[in-house]
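Secondary and tertiary structure notes
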Amino acid sequence: MELFKSEFERIWKRKLTWICFILIPLAIAGASKYYLNNNYKHIIQSPEFVSFGNYPFMMFQEVLITLFNILTILFVCTSITEEYRNGEIRLVMIRGYSFKEIFFSKIASIVTTLGIFFITFFIMSTVVGYFAAPKLDKVMLFYHKNPVGISEALIYSAKYYAVGFVTTIAILSMFTFFAVKCKTVTGVAGVSISTIIAGGIFSSTIIYFTNLIGKELTIRLWLLTIVKIQHEGICLLLSEDFIYSSWIIMVLILHIVIFGVLSCNTFCREDHFI
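This report concerns the structure included in the present document. (Residues numbered from 1 in each chain as written. Predicted model: local features only at pLDDT ≥ 70, side-chain atom pairs only at ≥ 80, totals over all residues. Heavy atoms only, no water.)

With respect to the overall build of the protein chain
Within the protein chain one finds 12 helices and 2 strands. Moving toward the C terminus, one meets the helices and strands of the protein chain in the order α-α-α-α-α-β-β-α-α-α-α-α-α-α. Taken over the C-alpha trace, the protein chain has a radius of gyration of 20 Å; the compact-globule value for 274 residues is 19 Å, and the two agree within 12%. Projected onto the principal axes, the alpha-carbon positions of the protein chain cover approximately 60 × 50 × 30 Å. Out of the 274 residues belonging to the protein chain, those deemed buried represent 49%. (Helix = DSSP H or I, 4+ residues; strand = E, 2+ residues; numbered from the N terminus. Rg over C-alpha atoms; globule rule 2.2 N^0.38 Å. Buried < 20%, exposed > 50% of the residue type's maximum accessible area, 1.4 Å probe, protein only.)

Below, the structure written as structure tokens:
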């Protein structure tokens, strides 16, 4: 716990963390301007019409892939790669902690910091939505047949954020593996961003092979990448009758477990990492 507190404080002592934190209201303001202007293109009964009820998750769904994935890359680079590059990590190791303790304290501090960002984004977007967005008695949600009340819509938003947070942990596991394999910030950032782009290209391309491999396999492969789950998979997971929800959950768990184990084993090999 002391090591976790130390790592957590180190993250929040960096100016970069506070700059990233300031980006939250800016991201909400930018997304709000876009979606509220976009309301003129949709009828009130459309799930794309932004009102107070669906405001929190509508603001969040676009920035999840961009802002929060970039934040994850930055935290991994500063907490792991940069500390390796400048030798800071040796100062922690001489205090008698094991490699596994150091690894999990770093991951826990990053996850906690991202959790704070998620909660802040949810609270701020809800408050802004109350004052900025129109208030409707009923809200239409994606992949739902009937409109829901304000309270149900807000609960839906909370679930959306929770699943989004799990997807971020999954992608954090991947980026951490890149961080312990690549010893430069440029390398980690390049591989991480390339992975996001490649995932999007793969999911967009695989649908053209539906006739060749079948609809069921196409859907499973389409939802195999974290970026596609972040983009459309969360809405499908929270829909009323989506039959591939267990597949999405399994993909997330496998990403977290497989890359988490690989990252920990690589980090804990003293002769490799130091």
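More follows now that the structure is in view.
Here's the deal with the packing of helix H7 (residues 185–206) against helix H9 (residues 215–222)
Following both chains from N to C, one finds H7 and H9 inclined at 165°, their axes separated by 9 Å at the closest point. The orientation of H7 with respect to H9, classified from their angle, is roughly antiparallel. Considering how the two elements wind past one another, H7 and H9 form a crossing that is left-handed. From H7, Phe202, Ser203 and Ile206 reach across to H9, where they touch Thr218, Leu221 and Trp222. Considering only residue class, the contact of H7 with H9 consists of 4 nonpolar, 2 polar and no charged. (Axes fitted to C-alpha atoms, helices over the stretch in contact; angles between N-to-C directions. Parallel < 35°, antiparallel > 145°, perpendicular 65-115°, else oblique. Left-handed = near helix turned anticlockwise from the far one by under 90°. Contact = heavy atoms within 4.5 Å. Nonpolar A, V, L, I, M, F, W, Y, C, P; charged D, E, K, R; others polar.)

With respect to the nonpolar core
Ranked by internal contacts, the top residues of the largest apolar core, which has 77 residues, are Phe60, Phe68 and Phe121. At 16 residues, helix H3 (residues 55–86) tops the list of elements feeding residues into this core. Setting aside chain neighbours within four positions, we find Phe68 in contact with Phe60, Val63, Phe117, Phe118 and Phe121. (Core = buried A, V, L, I, M, F, W, Y, C linked by side-chain atoms within 4.5 Å.)

Observations concerning the environment of Thr210
Tracing the backbone shows Thr210 in helix H8 (residues 210–213). Apart from the residues within four sequence positions on either side, Thr210 is in contact with Lys215 and Thr218.

Examining the packing of helix H5 (residues 99–132) against helix H11 (residues 245–268)
Interhelical geometry of H5 versus H11 gives an angle of 135° and a closest axis separation of 9 Å. Between H5 and H11, the angle is such that the two are oblique. Our pair here, H5 against H11, has a crossing hand that is right-handed. Here H5 contributes Phe99, Lys100, Ile102, Phe103 and Phe104 to the contact with H11, which in turn contributes Gly260, Ser263, Cys264, Phe267 and Cys268. Its residues assigned to classes, the contact of H5 with H11 comprises 7 nonpolar, 2 polar and 1 charged.

Details of a nonpolar patch on the surface
A contiguous nonpolar patch, built from Ile207, Tyr208, Phe209, Leu212, Ile213 and Leu217 and spanning about 630 Å² of accessible area, is present on the exposed surface. Relative to the helices and strands, Tyr208 resides in the loop between H7 and H8. Residue classification places Tyr208 among the exposed positions, given a relative accessible area of 68%. (Patch = residues over 30% accessible without salt bridge, like charges linked within 9 Å, V, L, I, M, F, W, Y side chains within 5 Å. Areas by Shrake-Rupley, 256 points an atom, 1.4 Å probe, with all protein chains shown as cover. Salt bridge = Lys/Arg side-chain N within 4 Å of Asp/Glu carboxyl O.)

What about helix H10 (residues 226–237)?
Every α-helix winds through 3.6 residues per turn, so residues three or four apart in the chain are directed the same way. For H10, spanning 12 residues, the distance from its first C-alpha to its last is only 13 Å, which falls clearly below the expected 16 Å at 1.5 Å a residue. Of all 12 residues that make up H10, 10 are buried, and the element is covered over most of its length. Where H10 is concerned, the buried positions are Ile226, Val227, Lys228, Ile229, Gln230, Gly233, Ile234, Cys235, Leu236 and Leu237. (Expected span 1.5 Å × (residues − 1).)

Description of the environment of Phe259
One can find Phe259 in helix H11. Leave out the neighbours within four places in its chain, and Phe259 touches Ser173, Met174, Phe177 and Leu254.

Here we look at the layout of surface pockets
Computed from the structure, the largest pocket encloses a volume of approximately 250 Å³. Taken together, Tyr34, Tyr35, Asn38, Glu48, Met58, Gln61, Glu62, Phe142, Tyr143, His231, Glu232 and Cys235 make up the full set of residues lining the largest pocket. Of all elements in the fold, only helix H2 (15–38), H3 and H10 reach the threshold of two or more residues within the lining of the largest pocket. Counted as a void, the second largest pocket has a volume near 160 Å³. Residue assignment for the lining of the second largest pocket shows that the elements contributing at least two residues are H5, helix H6 (150–181) and H11. Looking at the lining of the second largest pocket, the element that brings in the most residues is H11, giving 5 residues. Per-class residue counts for the lining of the second largest pocket are 9 nonpolar, 4 polar and no charged. (1 Å grid on protein atoms, 1.4 Å probe; cavity = no way out; pocket = protein on both sides within 12 Å on 5 of 7 lines; lining within 4 Å. Points joined across faces, edges and corners; volume = space filled by probe spheres on them.)

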